[in-house]
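These are the residues of each chain, in order.
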Amino acid sequence: DIQMTQSPSSVSASVGDRVTITCRASQAISTWLAWYQQKPGKAPKLLIYAASSLQSGVPSRFSGSGSGTDFTLTIRSLQPEDFATYYCQQANSFPLTFGGGTKVEIK
Amino acid sequence: QVQLVESGGGVVQPGRSLRLSCAASGFTLSSYGMHWVRQAPGKGLEWMAVIWYDGNTNYYADSVKGRFTISKDNSKNTLYLQINSLRAEDTAVYYCAREPGEQQVDNLFDYWGQGTLVTVSS
């Protein structure tokens, strides 16, 4: 199975800050990587797929990069509605696996 | 619009069985792959199973293989997850989620239900 490791597990940031979350796969997955946002009590929301493609309707302040084993989600100019937990997910092979999550908290 | 509504959760004793349902609307199940993903209380996301749009291919997480069965009824536009021999560690919110592409496999989840809570306890 492919293990997905996210860091940090939590980050404190202020509105307007730039936030970067990293995700590392235990083996190369090309660009088969997605990012999701989850708010408390809600289902996750797809933000980024194919490592860097923005899902329809997602604000352009979200961006993704990377290939192989190392990936990054960047939130440029954090907004109040962005405080949430973010998960990466590998879409390369079964079983599909998620990272442990990164909680973005208000500083 | 696309909507997914799960049902069937509740409090169940260890060793018992349960069938979760996911009623889909706004699209036809026969054209989209569907997944089940669960989340234990306070924990992260864990993928459970997929059924491809044609209904002929399924995959499962190693931890549930042999106990969980994913299926669908296209005539009812409803997805199912049969869970047997329930264990305490199966306690979680169970989400159904749709693949984004019609008649293709991307291993992504673009629409999610609200989830149904399964609590395994004696």
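Here's what I pulled together on the structure shown here.

Parameters at a glance
Residues numbered from 1 in each chain as written. Chains lettered and ligands numbered in written order. Predicted model: local features only at pLDDT ≥ 70, side-chain atom pairs only at ≥ 80, totals over all residues. Heavy atoms only, no water. Buried < 20%, exposed > 50% of the residue type's maximum accessible area, 1.4 Å probe, protein only. Helix = DSSP H or I, 4+ residues; strand = E, 2+ residues; numbered from the N terminus. Pairing = 2+ DSSP bridges. Axes fitted to C-alpha atoms, helices over the stretch in contact; angles between N-to-C directions. Salt bridge = Lys/Arg side-chain N within 4 Å of Asp/Glu carboxyl O.

**What to know about the pairing of strand S1 (residues 4–7) of chain A**
Residues and elements named next belong to chain A.
Piece 1. Burial along S1 is one-sided: the face carrying Met-4 and Gln-6 is buried and the face carrying Thr-5 and Ser-7 is not.
Piece 2. Pairing analysis gives four bridges linking S1 to strand S3 (residues 19–25), with the strands arranged antiparallel. Across the sheet, the residue bridging to Met-4 is Ala-25, located in S3.

**What about the sheet that holds strand S8 (residues 78–83) of chain B?**
Residue and element names in this part refer to chain B.
Piece 1. Taking strand neighbours across the sheet as the criterion, the four strands line up as S1-S3-S8-S7 in an open arrangement whose pairing is antiparallel. The open sheet has two free edges, formed respectively by strand S1 (3–7) and strand S7 (68–73), since each of these has just one partner strand. Here the strands of the sheet are splayed against their neighbours by 20 degrees on average, with no regard to which way each runs.
Piece 2. For S1 and strand S3 (residues 18–25), the ladder comprises five bridges, and the chain directions are antiparallel.

**A word on the pattern of salt bridges**
Residue and element names in this part refer to chain B.
Piece 1. Using the criterion set out here, one finds nine salt bridges over all chains in the structure.
Piece 2. The partner of Asp-110 in a salt bridge is Arg-98, with the nearest N and O atoms 2.9 Å apart. Residue Asp-110 is found in the loop between strand S9 (92–98) and strand S10 (111–112), and its partner Arg-98 is found in strand S9; the two are separated by twelve residues along the sequence.
Piece 3. Residue Arg-98 is classed as buried on the basis of its relative accessible area, which comes to 5%.
Piece 4. Linked by salt bridges that have partners in common, Arg-38, Glu-46, Arg-67 and Asp-90 make up one network.

**What about unusual backbone geometry?**
Piece 1. The omega torsion across A:Ser7 and A:Pro8 is -5 degrees, close enough to zero to call that bond cis.
Piece 2. Inspection of the secondary structure puts A:Pro8 in the loop between S1 and strand S2 (10–13).
Piece 3. A cis amide bond links A:Phe94 with the next residue in sequence, A:Pro95, at an omega value of 0 degrees.
Piece 4. Its place among the elements puts A:Pro95 in the loop between strand S9 (85–90) and strand S10 (97–98).
Piece 5. One non-glycine residue, B:Asn77, lies in positive phi territory at about 50 degrees.
Piece 6. Looking at where B:Asn77 falls in the secondary structure, it is placed in the loop between S7 and S8.
Piece 7. Since its relative accessible area comes to 15%, B:Asn77 is described here as buried.
Piece 8. Residue B:Gln103 is not a glycine yet carries a positive backbone phi of 55 degrees.
Piece 9. Residue placement: B:Gln103 occurs in the loop between S9 and S10.

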